[in-house]
Amino acid sequence: MSTIAEAAGWLTGDVALITGGGSGIGRAVAERFLAEGAKVAIIGRDQGKLDAVREASGKPESMLAIAADVRDSAALHKAVRQTVEHFGKLDILVPNAGIWDFNRSVTKLNGEQLAASFDELFSINVKGYLLTVEAAWRELVASGGNIVMTLSNASFYTAGGGPVYTASKFAARGLVNQFAYELAPKVRVNGVAVGGMNTDLRGPESIGLAERSIGDSFARSTITGNNPLIPLHDASVDPVDFTGSYVLLASKRNSGNITGQIINADGGIGIRGF
Ligand code: NAD
C-alpha cells in the first residue's frame, strides 16, 4: 500500500485511542485508522502538535487531541474518560509512545548515566504501557475490544538500541503475553514489532538526547541496515507502510480469534537467524 486512500473500512464504527499519536508511527496509525472508518483519540505531550495533526487529518470531527503524559495515571484515566464521553465507547487501544537510547551501549555510559537513562526510558516505554492499559481495560472489557502494542525489532534482536532500550522492548513483549492472558476472553492483546522507521523518535532528556531525532540522525540506509528486504524490494522506512499490521490485528472481523501474537514488521531481520 502506498497511500492511505486505498484503505478498505475494516474499522468502521470502532473508537481507538493511540498514545504518542502526534508523530511517527502513532500518527500514521491514527490516520490509517481514520481512513478505515474509526474515530480516533490521540495522546501526546504537546497539545499544539496534537491539534495540528487533528486539523491536518481532513476529518477533525472524527478525532480528539488530548495532552497527557503516559507516566501520569490520573491524566490517562482522564483521557480515557474524555474519549468515551465524546465518542461513546473505546474499542481499540494502541500503547505506542516511546523514546530510544540512540544505541548507548554499556561501554559508553557511566553508572550514573545508565541509572538516569533507565529510570526515564523505562518510565515511558514500560510503565507508560502498563498505566495506559490500566486506565483503559474496563472500557475495553465493556466493548469486547482489543489492544495493539507497538513493539520493535529490539523486542527480539540485538543491535536495535543499547541495553536499556532493548530491555524495555523485551519487557513490552512480555506485557503482550501477560495482558493477553489476564484480559482473555473479553479483550484481545497483540503487538506489532516494527523495524527501523524514519520518525521523530527522541532520546532520554536525562542524558542529553531529548533534542536528537532518529530521522535527523541516521541515513535511510543505516535505519534499515539489518533488513534483508531492502536490496530487492526497497522496503520502506516510512511509518505509513507499517500501518497494515495494526489494522489487521485491531479488526474484530479479521482477527477475532487472534490474541497474544506479534507481527514482526521488520523487513525480515529474523531470517538471518540471529
Ligand atoms: P516519534 O517520536 O515520532 O513518536 C513517539 C511519540 O511519543 C512522540 O509524539 C512523542 O512526543 C510521544 N511521547 C514520548 N514520550 C511521551 C510521554 N512521556 N507521554 C506522552 N507522549 C510521549 O517516534 P516513533 O518512532 O513513531 O515511536 C513510536 C514507537 O515506535 C515507540 O514505542 C518506539 O520505540 C517504536 N519503534 C520505533 C522505531 C523507529 O525506528 N522509529 C523502531 C522500532 C520501534
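In this report, the structure presented in the accompanying data block is examined. This one's a predicted model, so the numbers in the text were calculated from it and none came from an experiment.

**Quick word on the pairing of strand S6 (residues 188–194)**
As a general feature of sheets, a regular strand has side chains that alternate between the two faces.
At step 1: Counting buried residues in S6 gives 7 out of 7 residues, a clear majority hidden from the surface.
At step 2: Of the two faces of S6, the one holding Arg188, Asn190, Val192 and Val194 and the one holding Val189, Gly191 and Ala193 are both buried throughout.
At step 3: Two elements, strand S5 (residues 146–152) and S6, share 7 bridges in a ladder whose sense is parallel. Following the sheet pairing, asparagine 146 is matched in S6 by arginine 188.
At step 4: Assessed by its sense of winding, the connection that carries the chain from S5 through helix H6 (residues 163–183) to S6 is right-handed.
At step 5: Sheet topology note: the S6/strand S7 (residues 262–265) ladder contains 4 bridges and is parallel. Bridge pairing links glycine 191 to isoleucine 262 in S7.

**Observations concerning the site of the ligand**
At step 1: The immediate surroundings of the ligand are formed by 29 residues, with Ser23, Asn96, Tyr165, Met197 and Thr199 found nearest.
At step 2: One nitrogen or oxygen atom from the main chain of methionine 197 is found 2.8 Å from an oxygen atom belonging to the ligand.
At step 3: Burial of the ligand by the protein chains amounts to 96% of its free accessible area of 820 Å².
At step 4: Mapped onto the shell around the ligand, the elements with two or more residues apiece are helix H1 (24–35), S5 and H6.

**Notes on the nonpolar core**
At step 1: By size, the foremost hydrophobic cluster in this structure holds 49 residues, and its most contacted members are Ile147 and Met149.
At step 2: No other element matches H6, which puts 8 residues into this core.
At step 3: Apart from residues no more than four positions distant in its own chain, isoleucine 147 is found in contact with Leu93, Pro95, Val133, Leu140, Leu183, Val187, Arg188, Val189 and Asn190.
At step 4: Counting residues in hydrophobic clusters, the runner-up holds 27 residues, among them Leu11, Ala16, Ile18 and Val53.

**Quick look at helix H3 (residues 73–87)**
Helical periodicity: at 3.6 residues per turn, an α-helix aligns residues three or four positions apart in one direction.
At step 1: Helix length check: H3, at 15 residues, gives a terminal C-alpha distance of 21 Å against a target of 21 Å (1.5 Å per residue), a fit within 8%.
At step 2: If you check the start of H3, you find a side-chain oxygen 3.1 Å away from the backbone N of alanine 74, and it comes from aspartate 72.
At step 3: Of the residues trailing H3, glycine 88 is marked for its positive phi of about 95°.

**Describing the sheet that holds S6**
At step 1: Read from one edge to the other, the open sheet built from 7 strands follows the order S3-S2-S1-S4-S5-S6-S7, with strand pairing classed as parallel. Each having just a single partner strand, strand S3 (63–67) and S7 make up the two edges of the open sheet. Here the strands of the sheet are splayed against their neighbours by 15° on average, with no regard to which way each runs.
At step 2: The pairing of strand S2 (residues 39–44) with S3 spans 5 bridges and is classified as parallel.

**Section: the packing of aromatic side chains**
Pairs of aromatic rings are described using the distance from one ring centre to the other and the angle between the two planes.
At step 1: Within this structure, the stated rule accounts for 4 aromatic pairs.
At step 2: With a centroid separation of 4.8 Å and 50° between ring planes, the pair formed by tryptophan 100 and phenylalanine 102 is classed as tilted.
At step 3: Classification of phenylalanine 102 as buried rests on a relative accessible area of 2%.
At step 4: Judged by centre distance (6.0 Å) and plane angle (40°), the rings of phenylalanine 156 and tyrosine 157 are tilted.
At step 5: We classify phenylalanine 156 as partly exposed; its relative accessible area is 23%.
At step 6: Judged by relative accessible area, which is 14%, tyrosine 157 ranks as buried.
At step 7: Taken together, the ring pairs in this structure connect Trp100, Phe102 and Tyr165 into an aromatic cluster.

**Digging into unusual backbone geometry**
The general pattern is negative phi for most residues beyond glycine and trans for most peptide bonds.
At step 1: For the bond from alanine 184 to proline 185, the omega torsion is 5°, close enough to zero to count as cis.
At step 2: With respect to the helices and strands, proline 185 occurs in the loop between H6 and S6.
At step 3: A positive phi angle, close to 50°, is found at phenylalanine 102, a residue other than glycine.
At step 4: Within the secondary structure layout, phenylalanine 102 lies in the loop between strand S4 (92–94) and helix H4 (111–125).
At step 5: Backbone geometry at alanine 159 places phi at a positive 70°, although glycine is not the residue there.
At step 6: Among the structural elements, alanine 159 can be located in the loop between S5 and H6.
At step 7: Look at alanine 159 and you get exposed, because its relative accessible area is 56%.

**Comments concerning the side chain of threonine 132**
At step 1: Within the secondary structure, threonine 132 is located in helix H5 (residues 127–143).
At step 2: Of note is the side chain of threonine 132, whose polar atom sits 2.6 Å from the backbone oxygen of glycine 128.
At step 3: Residues in contact with threonine 132, not counting those within four places in the same chain, are Thr19, Val70, Leu76, Leu93 and Pro95.

What counts and how
Residues numbered from 1 in each chain as written. Predicted model: local features only at pLDDT ≥ 70, side-chain atom pairs only at ≥ 80, totals over all residues. Heavy atoms only, no water. Buried < 20%, exposed > 50% of the residue type's maximum accessible area, 1.4 Å probe, protein only. Helix = DSSP H or I, 4+ residues; strand = E, 2+ residues; numbered from the N terminus. Pairing = 2+ DSSP bridges. Right-handed = clockwise from strand over helix to strand, strands pointing away. Near = heavy atom within 4 Å. Polar contact = N/O pair within 3.5 Å; in protein donor to acceptor, adjacent residues only side chain to side chain. Areas by Shrake-Rupley, 256 points an atom, 1.4 Å probe, with all protein chains shown as cover. Core = buried A, V, L, I, M, F, W, Y, C linked by side-chain atoms within 4.5 Å. Contact = heavy atoms within 4.5 Å. Expected span 1.5 Å × (residues − 1). Axes fitted to C-alpha atoms, helices over the stretch in contact; angles between N-to-C directions. Phe/Tyr/Trp six-rings, centres within 6.5 Å; stacked < 30°, edge-to-face > 60°.

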